[in-house]
Every structure is written in structure tokens, then in C-alpha cells.
Amino acid sequence: GRCTISPTRGSDLQSLRGSRDSHTGGQRSSGLVEAPLCCVRPQPQHSSFHSIRLCQLIWSTPTSKRQSSMATGEATPPPVVVSGPGPDGVQTIRLNDPRRLNAWGPKMIEALSQSLKAADANPQVKAVVLTGTGRYYSAGVDFASSMEVMLPSSLVETARVRNRDLFLNFIDFGKPLICAVQGPAVGAPATSATLCDVLVATEAATFCTPFARLGLPPEGCSSYNFARLFGQDFADRMLLKGDAVPAAEAAAAGMVHEVTPTPEAALARAQAIAADWAAQGRPRRIAAPDEREVLRRVNEKESKKLGEALIGSSFLAAMTAFCQDKGKTGASWLFWVLLMTRPVWSRL
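Here is a short report on the structure shown in this document.

Procedures and definitions
- Residues numbered from 1 in each chain as written.
- Predicted model: local features only at pLDDT ≥ 70, side-chain atom pairs only at ≥ 80, totals over all residues.
- Heavy atoms only, no water.
- Core = buried A, V, L, I, M, F, W, Y, C linked by side-chain atoms within 4.5 Å.
- Buried < 20%, exposed > 50% of the residue type's maximum accessible area, 1.4 Å probe, protein only.
- Helix = DSSP H or I, 4+ residues; strand = E, 2+ residues; numbered from the N terminus.
- Pairing = 2+ DSSP bridges.
- Salt bridge = Lys/Arg side-chain N within 4 Å of Asp/Glu carboxyl O.
- Polar contact = N/O pair within 3.5 Å; in protein donor to acceptor, adjacent residues only side chain to side chain.
- Phe/Tyr/Trp six-rings, centres within 6.5 Å; stacked < 30°, edge-to-face > 60°.
- Lys NZ or Arg CZ within 6 Å of the ring centre and 35° of its normal.
- Contact = heavy atoms within 4.5 Å.
- Axes fitted to C-alpha atoms, helices over the stretch in contact; angles between N-to-C directions.

Okay, the nonpolar core next. Note on soluble globular proteins: their nonpolar side chains tend to be buried together. Leu 112, Phe 170, Val 181 and Phe 207 are the most contacted members of the largest nonpolar core, which totals 67 residues. Residue contributions to this core peak at seven residues, all from helix H3 (residues 152-171). Grouped together as the second largest cluster of nonpolar side chains are 15 residues, Ala 127, Val 129, Ile 178 and Ala 180 included.

What follows is the structure in C-alpha cells.
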């Protein structure tokens, strides 16, 4: 409806703040993009025209922020770095945005997806190692920078397709896929790591899937795999409580296959395992067609639920509190605006 945009006070969000840094063991994430500090105050009259303009303002804010940063001419490193294959046929794909803790924004996801597809199609690649740069493997999906101008119904469908396709890269990958997690892995990066054939982690690595705390359903086939592979207690700890589980405890549950003292040791061990699998011609653990089909169906179901959840009040309230708690005030107000105006735009 008709609205005015005006500055706001940070104290207005204190009641919505969540638990501080519980998903990353006390370390602050820089993965979210800030939006301008503003709020929307609805006026008595409403019209579909102004409702659409409001949605466009909300969903386009992070994009404008990114475009303005591009205009400054700042050098941006490639989000993913690929090396190899060497004589052993092993290729290494490295998440390469340590300033943003390797958060999975649109560019990172696109680069990772294209790298996996290229490796799968390259006959010289016999196995792939996936790892990260810096102190984090990945701080999770960057929801704020993933926003685009679209109607809510389109957002639901777009999120469903993108989430489905993201995990299909792991489910349908045809060669041994070894993951070397050198630091905290949060959300989709953690669940996708469990879709790899072998998971090697450093002692400092943690695994966290804070879906329930963010008002989101499980993804990455975790609603099916976690209880089946790691036990119900461990699945509840990960999916319901959202604990940051240390690598040693994840190994005890069977989620992590080997724990090493340093990132260098983890990468070296993962590459050695990949070379061994390649030399033996070993198939993937999920090579059986019927097993892959089950995972595809689970992924499709989870992706549909995720798309619907992204316009839900639980997710918007959780993201409002989460961003404020992380000091991302602009992004926090963005989600607060969406939450307050949801009765208007959710019908579009």
C-alpha cells in the first residue's frame, strides 16, 4: 500500500534478537549484504500498484548494493578456484571467498555448479576434492545477496528450482567426490558435504545446520540421510537444536570419516584418498540408480518446502533477529520490512 520510508532506531529490534553466534562457535559471519537503514510505515490506503512497488524496493535493495560496489572498481577474486587434474586424475575445487567466509551467494553457487559439471564432463578428471580457503569452509547460504526483484509466487518457484539444482550437482556427480572441510561448515555447505563419498575434516571444523532456528526446513537430503546414516539422536541435535558439532563428535557419529590436525593435512589426506579411489576405479557410494532416485525425490520435496518457507513469517522474523545479532543492521531492517508488510505482498 502507500508507504513512507524513514530512518529508524536500532532499539526497535531488541525483542527480535536471537542467540548470539551459536551456529558458528562465537565467530561473527560477514556473509550477509547490508541494505540501507530504513523502515516502511504503511499508510491507511492500499493499492496493488504501491504494493508491487514496495516489493520491488525490498527485493532489489541488495542488488543495488552489489551494483554500487562494482562501480567502485574493487578487485574481486574468483569465487571458486580449480586446480588440476594432475597425473593421478585428481582435480581440486576450492571455495575462494574468505573475506565473506566462503558464503554461498549467487556467484559462488554458479561457479561451484559449473565447476562440478565441467569436472564430471572432463574424461581426464577421475576424482574431485572439494575444499575451502581461509578459516571457514563456508558460513552458509547468503540469503540477503540472493534476493532479486520478483513476485513472491515467483520467488517460491525460483528458490525451489535453485535449491533442487544445487544439490543435484552432488547427487548426480558421476565420479568420486571427496570433501576436505578445513573450518566451520554451516547449512547447505554442511549438508552437501554429507553427499560426498568421503568427508575429511580438521580438528577445528564444526558442522551446523540451524534450519529450525531460521524457520527453514531441512535440505540437502538431510531429512532423510541424517537419521538413517548417523542415528536419530545425532539428527535431532543437528536439525532441531542446530548445534555446532565439533569434527570429533561428527566422526563418532559417522558423519566425518577422518579428522586431521591442520587444513594442510586435511587437504593432503583428501587428495590421497581421491587418488586412491581414482586408481582403483571405485564407484561413488551412491552409484546405485535406485538410491540416487530416492535422493532426487527427497531433494525435490525438501526444495519445495524451502521455497514456501522463504516467504513465511517464521523465516523473516528469524532473519531479522539473526542479521541484527550479527551487526548487519541494514539487512536486518530489510527482513523486518518484509515481515511487517507480509500481509500485503504475500498475496501477489
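From this point on, the discussion continues.
For strand S8 (residues 198-202), the tally of buried residues reaches five of five residues, placing the bulk of the element in the interior. Side chains of S8 alternate between two faces, with Val 198, Val 200 and Thr 202 and Leu 199 and Ala 201 buried alike. Bridging between strand S6 (residues 177-181) and S8 involves four bridges; their strand directions are parallel. Counted as the bridge partner of Ile 178 is Val 198 from S8.

We now examine the sheet that holds strand S9 (residues 206-208). The strand order across the open sheet formed by three strands is S7-S9-S10, and the pairing between neighbours is mixed. With one partner strand each, in any of the chains shown, strand S7 (185-186) and strand S10 (245-246) form the two edges of the open sheet. Of the strand pairs in this sheet, S9 and S10 are connected by two bridges, and their pairing is antiparallel. The residue bridging Thr 206 from the neighbouring strand is Pro 246, located in S10.

Attention now goes to the pattern of salt bridges. When the charged atoms of two side chains with opposite charge come close together, those side chains can pair. Per the stated rule, a full pass over the model turns up 14 salt bridges. A salt bridge links Arg 297 to Glu 293; the nearest nitrogen and oxygen atoms lie 4.0 Å apart. With Arg 297 and Glu 293 both in helix H9 (residues 289-309) and four residues apart, the pair spans about one turn of that helix. A relative accessible area of 34% places Glu 293 in the partly exposed class. Because the salt bridges share partners, they merge into one network encompassing Glu 157, Arg 160, Arg 164, Asp 165 and Glu 300.

On to the side chain of Thr 320, then. Within the fold, Thr 320 resides in helix H10 (residues 313-325). According to the relative accessible area criterion, Thr 320 is buried, its value standing at 0%. A polar side-chain atom of Thr 320 sits 2.7 Å from the main-chain carbonyl oxygen of Leu 316.

Right, let's get into the pairing of S6. Burial analysis of S6 places five of its five residues in the buried class, the great majority of the element. Of the two faces of S6, the one carrying Leu 177, Cys 179 and Val 181 and the one carrying Ile 178 and Ala 180 are both buried. Here four bridges tie strand S5 (residues 127-132) to S6, and the two strands are oriented parallel to one another. When the bridges of S6 are listed, Leu 130 appears paired with Cys 179.

Before going further, it helps to spend a moment on the packing of aromatic side chains. Considering all chains together, one arrives at four aromatic pairs under this definition. Aromatic side chains Trp 333 and Trp 336 sit 5.2 Å apart centroid to centroid with 85° between the ring planes, which places their arrangement in the edge-to-face category. Within this pair, Trp 333 and its partner Trp 336 are both found in helix H11 (residues 329-345), separated by three residues, close to a single helical turn. Here the aromatic residues Phe 226, Phe 230 and Phe 234 are joined through ring pairs into a cluster of three or more. Above the plane of the ring of Trp 277 lies Arg 282, whose end atom (NZ or CZ) is 3.9 Å from the centre.

Next up on the list: the environment of Leu 316. With respect to the helices, strands and loops of the structure, Leu 316 is situated in helix H10. Not counting residues up to four positions away in its chain, the partners in contact with Leu 316 are Leu 310, Ile 311, Phe 335, Leu 338, Leu 339, Arg 342 and Trp 345.

Along the chain, the position of Val 90 falls in strand S4 (residues 90-95). Placed 36 residues apart in sequence, Val 90 and Lys 126 show a C-alpha to C-alpha distance of 6.0 Å. Residues contacting Val 90, with those up to four places away along its chain left out, are Ser 83, Gly 84, Pro 85, Ala 127, Val 129, Gln 271, Ala 274 and Ala 275.

With that settled, the discussion passes to unusual backbone geometry. A cis amide bond links Gly 84 to the next residue, Pro 85, at an omega of 15°. By the secondary structure assignment, Pro 85 is in the loop between strand S3 (80-83) and S4. At Leu 101, a residue that is not glycine, the phi angle is positive and equals roughly 60°. Among the secondary structure elements, Leu 101 is positioned in the loop between S4 and helix H2 (106-121). Take Leu 101: its relative accessible area is 4%, and that puts it in the buried class. Located in the positive-phi region is Cys 221, a residue other than glycine, with phi close to 65°.

Ordered by their spatial adjacency, six strands build an open sheet running S3-S4-S5-S6-S8-S11, and the pairing between neighbours is mixed. Edge strands, defined here as strands with exactly one partner in the open sheet, are S3 and strand S11 (258-260). Taken pair by pair, the neighbouring strands of this sheet meet at an average axis angle of 20°, ignoring direction. This element, H2, spans S3, S4, S5 and S6 of the sheet and lies at about 175° to S4.

Turning our eyes to something else, we now look at the side chain of Asp 97. Looking at the secondary structure, you find Asp 97 in the loop between S4 and H2. Judged by relative accessible area, Asp 97 falls into the buried class, the value being 17%. The residues contacting Asp 97, other than those within four sequence positions of it, are Pro 79, Asn 102 and Met 108.

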